[in-house]
Amino acid sequence: ESSLKGCLMNNFASLLKQFKCSEEVLPFPSQVVYNRVGKCGSRTVVLLLRILSEKHGFNLVTSDIHNKTRLTKNEQMELIKNISTAEQPYLFTRHVHFLNFSRFGGDQPVYINIIRDPVNRFLSNYFFRRFGDWRGEQNHMIRTPNMRQEERYLDINVCILENYPECSNPRLFYIIPYFCGQHPRCREPGEWALERAKLNVNENFLLVGILEELEDVLLLLERFLPHYFKDVLSIYKNPEHRKLGNLTVTVKKTVPSPEAIQVLYQRMRYEYEFYYYVKEQFHLLKRKFGLKSHIRKPSPRPEFFIPSPLETEEPINDEEEDDEKWLEDIYKR
C-alpha cells in the first residue's frame, strides 16, 4: 500500500512539474492578434515586434497581404484556421477588419490595436499613396506607379471641397470597420457600425491605444503582455531604432485650408465619435495604472483640428480592485 501511495505521489509530482514547465513555455494569453489600422504607426510597431520576437522567442506571424481588409465567409474561415494552427505563443498581425473566431468554432484571441486622430490619419494616407516615405530610392517611394500625374498632384483642398471619391464617404469611413468587423453594415457610415465597434472594443480588445501617446501605449502593452512586449519602451527609445522609425515618416504632406478641414470633420463625425470614445477609455486605463495625461503645449503650426475635451491628468489610487485581478478578469472574457 505504501509502495502504491509512493508511486501515486511520484506520478502526481511528475505531472505537476510538467504542468509548471508547460506554463513557463506557454504564457497566457498565448494567442494575440494585432489587426493593425493603416497609417496609425503600425509599421513602427511591426519593426519593434520583429526585434521583440527575436528577444523573447514568441512566434511573430505576419502577412504579405496589405490591401484586403474585407473577407468573404470562406476567406474568414481559411484565415482563422491558419492563424489558429500557428505555433503558440503567437502574435499575428495584418491590416484586416475584426474577425470573430468564435463564430467559426475557434478560440477567440486577445486583440490589440492603435488608432489616431481621423483627419491626421486621412492626410497621412493621402500623401503616402502619392509620395511614399523616406525609405525608398531618391528619398521617396512611389507606392502607386500607375497613378495618373493629375491625380498624384491633385490639390488636397480641391479633392475635399469638390467631393472627389477619395475625400468622401464611404472612403473616409476607415477606422471603425477595423473594430466593427466583417458584416457588410460595418462599412456603412452610421450608428450601427459605430455601436458595434464600441462593443467589440469592450469585449474583445485588451488595449486600443492612441498613436499621439505612443510611449504610454507601449508602457501599457509591456504591463499587460510582458511575454511579448517586455523592454519595448527602451528599444523604442534606442537611437538606432529612432533612426529606422524616421524612415517611415510620410513625405510631402501639406496642410489643407481650415474650410476643407471643417468639411472633413463633418464627413468623419462617426470616426471622431469613435476616436474620442477610445481615447477616453485609454485615459481611464492610464489613470488606473498611474500614468499622467499631459495637456499638450500649443503647436507652432496652424491649429485646424477640432479641439478635444480637457484630458484627465492626475493618477488616482482609490480603485478597490487590484490591478492584477483586473487583468485576470480581462483575460477571462
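In this text the structure is predicted, and so the values were computed from the model without any measurement. (Residues numbered from 1 in each chain as written. Predicted model: local features only at pLDDT ≥ 70, side-chain atom pairs only at ≥ 80, totals over all residues. Heavy atoms only, no water.)

Engineer: Tell me about the pattern of salt bridges, residues and numbers included.
Structural biologist: Per the stated rule, a full pass over the model turns up 11 salt bridges. Of the charged contacts, one joins Arg-130 and Glu-166 as a salt bridge, the two residues approaching to 2.8 Å between their closest N and O atoms. One end of the pair, Arg-130, is in helix α4 (residues 118-131); the other, Glu-166, is in the loop between α6 (156-161) and α7 (177-180), with 36 residues separating them in the sequence. Measuring nitrogen to oxygen at the nearest pair gives 3.5 Å for the salt bridge that ties Glu-273 to Lys-198. Taken together, the residues Glu-273 in helix α14 (residues 269-288) and Lys-198 in helix α8 (residues 191-204) connect sequence positions 75 residues apart. For Glu-273, a relative accessible area of 37% puts it in the partly exposed group. Taking relative accessible area as the criterion, Lys-198 reaches 12% and is therefore assigned buried. One network of salt bridges, in which partners are shared, links Lys-55, Lys-230 and Asp-231. (Salt bridge = Lys/Arg side-chain N within 4 Å of Asp/Glu carboxyl O. Helix = DSSP H or I, 4+ residues; strand = E, 2+ residues; numbered from the N terminus. Buried < 20%, exposed > 50% of the residue type's maximum accessible area, 1.4 Å probe, protein only.)

Engineer: If you had to explain the nonpolar core to someone new, which residues and values would you point to?
Structural biologist: In this structure, Ile-115, Phe-179, Phe-229 and Phe-274 are the most contacted members of the largest nonpolar core, which totals 86 residues. Considering each element in turn, this core owes the most residues, 9 residues, to α14. Those residues in contact with Ile-115, other than ones at most four positions away along the chain, are Val-37, Cys-40, Ile-175, Phe-179, Val-208, Gly-209, Ile-210, Leu-211, Glu-212, Phe-274, Tyr-275 and Val-278. (Core = buried A, V, L, I, M, F, W, Y, C linked by side-chain atoms within 4.5 Å. Contact = heavy atoms within 4.5 Å.)

Engineer: An account of the packing of helix α9 (residues 214-224) against α14 is needed here, citing residue identities and associated values.
Structural biologist: Each pair of packed helices can be summarised by the angle the axes make with each other and by the distance between the axes. The N-to-C vectors of α9 and α14 enclose an angle of 60 degrees; their axes lie 11 Å apart at closest approach. Put simply, α9 runs oblique to α14. Along this stretch, α9 crosses α14, giving a crossing that reads as left-handed. Along the contact surface, α9 presents Asp-216, Val-217, Leu-220 and Phe-224, while α14 presents Phe-282, Leu-285 and Lys-286. In the contact of α9 with α14, the residues fall into 5 nonpolar, no polar and 2 charged. (Axes fitted to C-alpha atoms, helices over the stretch in contact; angles between N-to-C directions. Parallel < 35°, antiparallel > 145°, perpendicular 65-115°, else oblique. Left-handed = near helix turned anticlockwise from the far one by under 90°. Nonpolar A, V, L, I, M, F, W, Y, C, P; charged D, E, K, R; others polar.)

Engineer: How would you sum up the confidence of the model for the chain? Please name residues and give values.
Structural biologist: Interpretation of the predicted coordinates at a detailed level should be avoided for regions scoring low in pLDDT. Per-chain confidence: the chain averages 82 in pLDDT, with 74% of residues scoring 70 or above. Below pLDDT 50 for its whole length, residues 136-141 participates in 12 contacts with residues either more than four positions away or in separate chains. Taken together, the stretch residues 297-323 has pLDDT below 50 and engages in 42 contacts with residues farther than four places along the chain or on a different chain. (pLDDT = per-residue confidence, 0-100.)

Engineer: Before we move on, can you summarise the packing of α8 against α14 with the specific residues and values?
Structural biologist: Direction vectors running N to C along α8 and α14 enclose 20 degrees, while the axes themselves pass 10 Å from each other. When the interaxial angle is binned, α8 and α14 end up roughly parallel. The two elements α8 and α14 cross, and the hand of that crossing is right-handed. Side by side, α8 and α14 meet where Glu-191, Leu-194, Ala-197, Lys-198, Val-201 and Asn-202 of the first sit next to Tyr-270, Glu-273, Phe-274 and Tyr-277 of the second. Among the residues making up the contact of α8 with α14, the classes are represented as 6 nonpolar, 1 polar and 3 charged.

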